[in-house]
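# A structural walkthrough
Residue strings, one per chain:
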Amino acid sequence: MKIKILIISLLTFLGIGQSQAQLRIGAETGVNLSSVKVKGNHAQIMPTGGITLDYTCNNGVSVITGIHYTMKGANSILADNFRKELMVRLGYLELPVMVGYQIPLAPKINIIPSFGAYFALGINGYGEIGANFAQTGIGNTDGIWDNPFKEFNLKNEAQEKIKPFERFDTGLRFGLSAEVYQFSLSLNYDLGLTNMWDGYPNDQLVSQLKNRSIAISIGYKFNL
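Residues numbered from 1 in each chain as written. Predicted model: local features only at pLDDT ≥ 70, side-chain atom pairs only at ≥ 80, totals over all residues. Heavy atoms only, no water.

## Digging into empty space enclosed by the protein
Applicable threshold: Here a cavity denotes grid points, spaced 1 Å and computed from the protein atoms alone, that fit a 1.4 Å probe unable to get out, and a pocket denotes an open set having protein on both sides within 12 Å along at least 5 of 7 lines; residues with an atom within 4 Å of a point are the lining. Grid points are joined across faces, edges and corners, and a volume is the space filled by probe spheres set on the points. Each helix is a run of H or I in the DSSP string that is no shorter than four residues. Each strand is a run of E no shorter than two, and both are numbered from the N terminus. Polar here means any residue outside two lists: the nonpolar Ala, Val, Leu, Ile, Met, Phe, Trp, Tyr, Cys and Pro, and the charged Asp, Glu, Lys and Arg; Gly therefore counts as polar.
In the structure shown here, the tally under the stated rule is one cavity of 30 Å³ or more. Approximately 360 Å³ is the volume attributed to the largest cavity. Lining the largest cavity are 30 residues, and of these Glu 28, Ile 64, His 68, Ser 186 and Asn 188 sit closest to its centre. Looking at the lining of the largest cavity, the elements with two or more residues in it are strand 1 (22-36), strand 2 (44-56), strand 3 (61-79), strand 4 (84-101), strand 6 (109-130), strand 10 (168-180), strand 11 (183-192) and strand 12 (211-223). Counting residues per element, the lining of the largest cavity draws most heavily on strand 3, which supplies six residues. Its residues placed into classes, the lining of the largest cavity shows six nonpolar, 15 polar and nine charged.

## Looking at the pattern of salt bridges
Any two side chains of opposite charge can pair, given that their charged atoms come close. Spelled out, the test is: What counts as a salt bridge is simple: a side-chain nitrogen of Lys or Arg found within 4 Å of a carboxyl oxygen of Asp or Glu. Throughout this description, buried means an accessible area under 20% of the type-specific maximum (1.4 Å probe, protein chains only), exposed means over 50%, and partly exposed covers the range between.
A complete count under the given rule lists eight salt bridges for this structure. Its salt-bridge partner being Arg 24, residue Asp 54 comes within 3.1 Å of it at the nearest N-O pair. Of this pair, Asp 54 sits in strand 2 while Arg 24 sits in strand 1, placing them 30 residues apart in sequence. Comparing Asp 54 with Arg 24, the two get one shared label, buried. For the salt bridge of Lys 72 with Glu 94, the shortest nitrogen-to-oxygen distance reads 2.8 Å. Placement of Lys 72 in strand 3 and of Glu 94 in strand 4 is noted, with a sequence separation of 22 residues between them. Each of the two residues, Lys 72 as well as Glu 94, counts as buried. Among the charged side chains, a network of salt bridges with common partners joins Arg 24, Asp 54, Glu 179 and Lys 221.

Geometric values such as these leave the question of function open.
Here is the structure:
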């Protein structure tokens with residue numbers, strides 16, 4: 001009840017609160033096609049899922065949020081002037097904040113385009129740095145990076161220290177959902193704006209890594 005009162009107060013302040021608005025909570029799961037903003041990387045399919053919360057006014061305007069766990073990253077991120085490659089998986093807790101508009105197609109069947117932002121906190125992950133993985137295979141590396149959000153000691157003669165990935169990430173999110181009764185199918189595109197990593201030592205190629213991902217999820221929503 002406190003959550004509903006808080007959201008209603010926020011919407012009233014924004015001028016979009018309505019007397020017949022609907023608050024719903026839901027669960028969804030899906031897959032995330034993830035890459036980074038750098039030439040040469042290979043996108044990877046990884047899991048995503050979480051809890052959704054949306055508040056829809058009787059004029060069709062919705063505020064959409066929730067909490068999700070999602071994996072992002074890529075293979076074959078080139079480094080060290082193409083002599084090294086990085087494979088990385090980054091696990092985030094994400095909070096989206098979006099505004100959508102409900103377009104009815106039939107009774108209890110709607111299409112909802114939406115736009116907003118996401119805020120993410122990195123909590124776990126995995127990585128490998130090595131020679132060309134296409135030739136040597138993943139697992140033949142200079143070291144296993146147990147947590148890319150912490151500093152990594154590379155196994156080489158220089159004993160180089162690799163800087164950690166930034167733990168906080170944010171960006172824009174574009175969404176399109178289809179709802180049939182209480183079931184949903186969602187497509188979201190994340191355009192990361194945060195520079196995730198300073199890169200391999202003395203390398204400039206990967207100094208502007210940014211998350212890029214497309215998530216497809218199915219879910220079910222309950223009225224509160």
